[in-house]
Structures are given as C-alpha cells and as structure tokens.
Amino acid sequence: MSTKNLSTPLLMLATVLAGMLSPMQSAVNGQLGHVLKDGNASAVISFASGLVVMFFIIMSKKQYRQQFASIPSLIKTRKIPLWNWFAGLCGAMVVFSEGASASALGIATFQTALISALLLSGLLCDRFGVGVDEKKYFTPYRVLGAVLAVVATLFVVSPQWHSTSFIYLAILPFLAGLLAGWQPAGNSKVAEATGSMMVSITWNFIVGFTVLTIALIVRMALGHITLELPGTWWMYLGGPLGLMSIALMAILVRGLGLLMLGVASTAGQLLGSVLIDLLLPSLGNTVYLVTIIGTLFALVGAIVTTIPEFRAAKPAKA
C-alpha cells in the first residue's frame, strides 16, 4: 500500500517507531563497547556489519555496481567539493561515541546530548551556508530551539555533575552531534553525483570503516588493545539497525515531508531512549526526573525550530 493512502497520524506513529531504532543502535553499540572495553573496536564491528549488508545490496543490481564504479572518476574530476566524500567521518564519530560512552551515560542521556548538538549544528550550518543552497538567518524560534537544546543537555547531565569522568563522556556525543550536522548534506551531494542514495550510504560506511579500522590496527600494533570478540549475536546488529532506520526514514519522508519527519523521528529517539533505560537497565542507566525533563526540552527545541518552516509550508487561504 502506498504511503499516500495512509493518514498522517499513522505515518507519524510509524516514524516515531522508526525513530526508536536509533537508541536501539546506541544501546547495542554501547553494550558492545562495554564488553570490549573499547569504543574504537565497537565502532569497527558496527560499521563492518552494516557494510556487509550494503555490499550485498550493491552487488544485487547492475545499476548500483556501475554507479559505485564511477566514484574514482567523480572524485578525480571534482564534480562535487572534495569534503563531501568524507562525510562518513561524522558517522564514524557518532558510532565511536556510542561504543565509548552510551553504556556508561545511559541511552537517554546519550541521545539527548547527541540530538541537542545536532540542533545546534543544524542552526549554524543553515546560518553560514554549510552544505545548503540557501542561508537561513537566525530567528527568535531558531535561537529559542538552540537554547532549549543546551538546557536539555545540562538537565540530563546534572545528576552527575560531581563526576568528572561522566561529564567527559557526555562531551563525546555532543561533539559527535556538532560534527554530524553537516553529514546529511555531504551524503546528499554524493548521492546526487553518483545517482544513487544506496551508493552514497555504502560509500559513507566505507569511509567510516576504513578510518576506524586503520586507527584500531595501529593501536593493536602498538599493544594498546587486545581484541576478543563477544559470542552474543545481537551485539553485531548495530550496523543493520542503523540501515533499517535510514531505509524507513527514506520511505516515510515521501508521505510526511522533512519537517514532520524530523519532529516525529526525534520524538521516537527520545521516547525509545527513556524506555530502554527504564525497561532494560542492563543496557542503559538510571533514569532521573531531570533526565525525562531534559528529553522533553530537547523535543520541544526540535519542534520550536521547525515552526517558521511549518508556517511557510502552510498553504495560503483562498
């Protein structure tokens, strides 16, 4: 059934549920990082599992194979700015921070810090024209959304102000979110150049996997880490969960549009984070009242920043 035949509320609900895949991925990668005691190793495994899935997808279709094979010439001819080809580094930072800090922080705190930084990054990228065709200047709604994002982060880390190590760990997803703000723009440009979002996603995984693997090999060669893979099967699902989230969002955006998709998926991420921490404490952490307040602030911040766009998109009365 086409998404056009579904009502908006059902699509919103589906997007909220799809948004829950993100905290699930954080929980899986966080637990993997906890078992391995290394965020770098956890990120490599997560990227590798996703890359295996994408390999079979790309190889299944001749058009995908041809589009992927065109990448070297596209890079050489500089069809798009060179930095776009390295957007996968931002994804690598996000996945690394999951493995290094999600288990210790709790999924709600991790996701709130990440989402809040993404809001700030999006605001700055729009203002200075980073990865967008048209600059969007600061408005009261946008600034208020950014302030709420900062307040949200302060709320979720406040129970552990006394722990310096906790604060340092919370900085990781926040920095990852700031960097990841321009990742969609880079991936979009690669998709435009190659003619396929599937190829863009695969390239994104290759870049992230390559950089993280080189770092891991160097550290192992220097004797900084010894790696023993866990026997628990679900710890290898981080990459596929991320791919499922991307695929579902690509389908649902056709019926909702980017604005409503962004708000609904953010709600799903935050709701899913709190539920994981509450229902699966072994994968998350203690949920304080201020943690829930912080997630609400992050959600309100996401909604507030979209108000001007919703108003602009609203059809004029006859």
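Residues numbered from 1 in each chain as written. Predicted model: local features only at pLDDT ≥ 70, side-chain atom pairs only at ≥ 80, totals over all residues. Heavy atoms only, no water.

*Asks:* Provide a residue-level description of the packing of helix H4 (residues 62-69) against helix H11 (residues 197-221), including the pertinent values.
*Replies:* Following both chains from N to C, one finds H4 and H11 inclined at 55°, their axes separated by 9 Å at the closest point. Here H11 runs oblique to H4, going by the angle between their axes. Considering only the axes of H4 and H11, their crossing is right-handed. Two secondary-structure elements touch here, H4 through Tyr64, Gln67 and Phe68 and H11 through Met198, Val199, Thr202, Trp203 and Ile206. Here the contact of H4 with H11 is built from residues that sort into six nonpolar, two polar and no charged. (Axes fitted to C-alpha atoms, helices over the stretch in contact; angles between N-to-C directions. Helix = DSSP H or I, 4+ residues; strand = E, 2+ residues; numbered from the N terminus. Parallel < 35°, antiparallel > 145°, perpendicular 65-115°, else oblique. Left-handed = near helix turned anticlockwise from the far one by under 90°. Contact = heavy atoms within 4.5 Å. Nonpolar A, V, L, I, M, F, W, Y, C, P; charged D, E, K, R; others polar.)

*Asks:* Can you lay out the packing of helix H7 (residues 107-128) against helix H9 (residues 164-180) for me, pointing to particular residues and giving the numbers?
*Replies:* The interhelical angle for the contact between H7 and H9, taken along N-to-C directions, is 40°, at an axis separation of 7 Å. Between H7 and H9, the angle falls in the class oblique. Note that H7 runs across H9; the crossing there is right-handed. Only Phe166, Ala170, Pro173, Phe174, Ala176, Gly177, Leu178 and Ala180 of H9 make contact with H7, whose side of the interface consists of Thr109, Phe110, Ala113, Leu114, Ala117, Leu118, Leu120 and Ser121. In the contact of H7 with H9, the residues fall into 13 nonpolar, three polar and no charged.

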